[in-house]
Amino acid sequence: GTVRLALVGLGWWTTERVLPAIEAVDRCETTTLVTGSRAKGERVAADVETVSRVLDYDEFHDGVGREGYDAVYVCTPNAYHLDYAETAAGLGKAVLCEKPMEATVGRAERLVDVCEEAGVELIVGYRMQTVPAVRRARELVREGVIGEPRFVTGVNSQRLLDMFADHDQWRLDPDLTGYGTSVVDLGIYHLNTARFLLDADPVAAQASMRSDHEAFDRVPDELASVLLEFEGGVHSTCVASQNAAERTYLQVVGTEGSLRLDPAYHMDTRLRLTVGDRSLDVETPDANQMVDLFDYFAEAVLTDRDPGPDGRHGLVDMRALEAIHRSAESGERVTVDS
Ligand code: NAD
């Protein structure tokens, strides 16, 4: 079978990364584009043979063309994910929702509820979980190659203001992102990848944040440092910033050795293993992360397989993000709700 997709939100991620990736996945095809600008939709559709329909947001919510797709990919600013997921669920369509799942814990909980009530599959787009180097790292941790994991360190930074000419874009508006910008948009990669590698969830957070540049005056975290305590006593520290040179890595240090993903989160992920005084690059197959994510989604939709990063999994991250921000505000250690 083939999963026919409606893509909601035609921003840079959808048009540059997702559309070409779906074309490379045998079990997926894009049949429907949902956009605020019909002209843009028609322009994008002209380059994709499988697209048979362009809908505006109202048409999508009204169920126009519903017979033309089986699942919905939601890639809008965070605070609109729920609206589109809710409509999709109401139409009986499976949902692949971009990270973070929503802007707040409350809205994310509602998103999970509407999908569960409708009995539709919900997967959160944590593409790192399908990356061969990350999967291999998880196996090595499980096999005890680095001994018992003790701590995780990492960074995720980028120069947001250079990437988007418009300083006023949605990543700097807390109503659209959620609690802030650097942690919900970048730190979440560290948080979710650490959870995946350790097979454990965070139980408490401490954080320190600051914003200095005027473009960041509405968000608390131009720069954020986050300490998470995981179940089992592993500590994790991460620095995230939307206003520093691009840099990504994550390292897990155990009692016997360490694993390092460097670079970690962009389209190329490299894995290095160190045990004692021996260090080696762990070769893993090259992969296109978005191709793998959509292939995985297709399998989950077509086969009833355990969907992995589902809505309940995404909620743990949302609760951790909230705890991190509460800690930065209060200066206190905050327990992550479970
Ligand atoms: P973007 O600003 O490039 O695109 C967002 C799109 O949503 C725009 O086309 C905009 O017109 C549209 N939009 C605005 N208001 C809308 C509304 N009310 N309803 C529907 N659409 C609306 O943003 P982006 O970088 O593509 O990010 C979109 C989502 O994808 C975010 O949740 C982001 O976190 C996620 N994302 C994930 C990855 C990843 O690696 N997994 C990468 C980039 C973005």
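Here the structure is a predicted model, which is why all the values come from computation and not from measurement. (Residues numbered from 1 in each chain as written. Predicted model: local features only at pLDDT ≥ 70, side-chain atom pairs only at ≥ 80, totals over all residues. Heavy atoms only, no water.)

S.K.: Help me out: how do you make sense of the side chain of Thr 177 in this one?
M.R.: Tracing the backbone shows Thr 177 in helix 8 (residues 174-177). Here the side chain of Thr 177 touches Gly 180 through a polar contact of 2.6 Å, landing on its backbone oxygen. Contact partners of Thr 177, with chain neighbours within four places excluded, come to Asn 78, Glu 102, Ala 103, Trp 170, Arg 171 and Val 184. (Helix = DSSP H or I, 4+ residues; strand = E, 2+ residues; numbered from the N terminus. Polar contact = N/O pair within 3.5 Å; in protein donor to acceptor, adjacent residues only side chain to side chain. Contact = heavy atoms within 4.5 Å.)

S.K.: Looking at this structure, I do not really get the domain arrangement of the protein chain. What am I missing?
M.R.: It is common to give the size of an interface as the accessible area that goes away when the parts come together. For the protein chain, the domain assignment lists domain 1 (3-124) and domain 2 (128-286 + 309-335). For domain 1 versus domain 2, the distance between C-alpha centres works out to 26 Å. The interface of domain 1 with domain 2 comprises 22 residues on the first partner and 22 residues on the second. Note that Glu 116 and Arg 312 form a salt bridge whose closest N and O atoms lie 2.9 Å from each other. Where domain 1 meets domain 2, there are 8 residue pairs in polar contact (both at pLDDT 80 or more). (Domains from an automatic or database assignment. Salt bridge = Lys/Arg side-chain N within 4 Å of Asp/Glu carboxyl O.)

S.K.: Where do I start with the site of the ligand in this structure?
M.R.: Close to the ligand lie 22 residues, the nearest being Tyr 57, Asn 78, Tyr 84, Arg 127 and Tyr 189. Here an oxygen atom of the ligand sits 2.8 Å away from a polar atom, N or O, in the side chain of Trp 170. Here the ligand has 840 Å² of accessible area as a free molecule, and 83% of this is covered by the chains. The cavity where the ligand resides is the largest pocket. Split into classes, the residues belonging to the shell around the ligand amount to 11 nonpolar, 5 polar and 6 charged. Residue-level mapping places the shell around the ligand at the junction of two domains, with at least three residues from each of domain 1 (3-124) and domain 2 (128-286 + 309-335). (Near = heavy atom within 4 Å. Areas by Shrake-Rupley, 256 points an atom, 1.4 Å probe, with all protein chains shown as cover. 1 Å grid on protein atoms, 1.4 Å probe; cavity = no way out; pocket = protein on both sides within 12 Å on 5 of 7 lines; lining within 4 Å. Sits in = over half its atoms within 2 Å of the grid points. Nonpolar A, V, L, I, M, F, W, Y, C, P; charged D, E, K, R; others polar.)

S.K.: Teacher, can you tell me more about the pattern of salt bridges here?
M.R.: Side-chain pairs of opposite charge can arise where the charged atoms are in close proximity. Tallied over the full model, the rule gives 24 salt bridges. Among the ionic pairs, Arg 195 bridges to Asp 201, the shortest N-O distance being 2.8 Å. Looking at Arg 195, the relative accessible area reads 5%, which means it is buried. Where Arg 333 meets Glu 229, a salt bridge forms, and the shortest distance between an N and an O atom there is 2.8 Å. Here the residue Arg 333 occupies a position in the loop between helix 11 (311-330) and strand 15 (334-335), and Glu 229 occupies one in strand 9 (residues 223-230), the gap between them amounting to 104 residues. For Arg 333, a relative accessible area of 47% puts it in the partly exposed group. When its relative accessible area of 18% is taken as the criterion, Glu 229 is described as buried. Connected through salt bridges with shared partners, the residues Arg 27, Asp 295 and Glu 299 form a single ionic network. (Buried < 20%, exposed > 50% of the residue type's maximum accessible area, 1.4 Å probe, protein only.)

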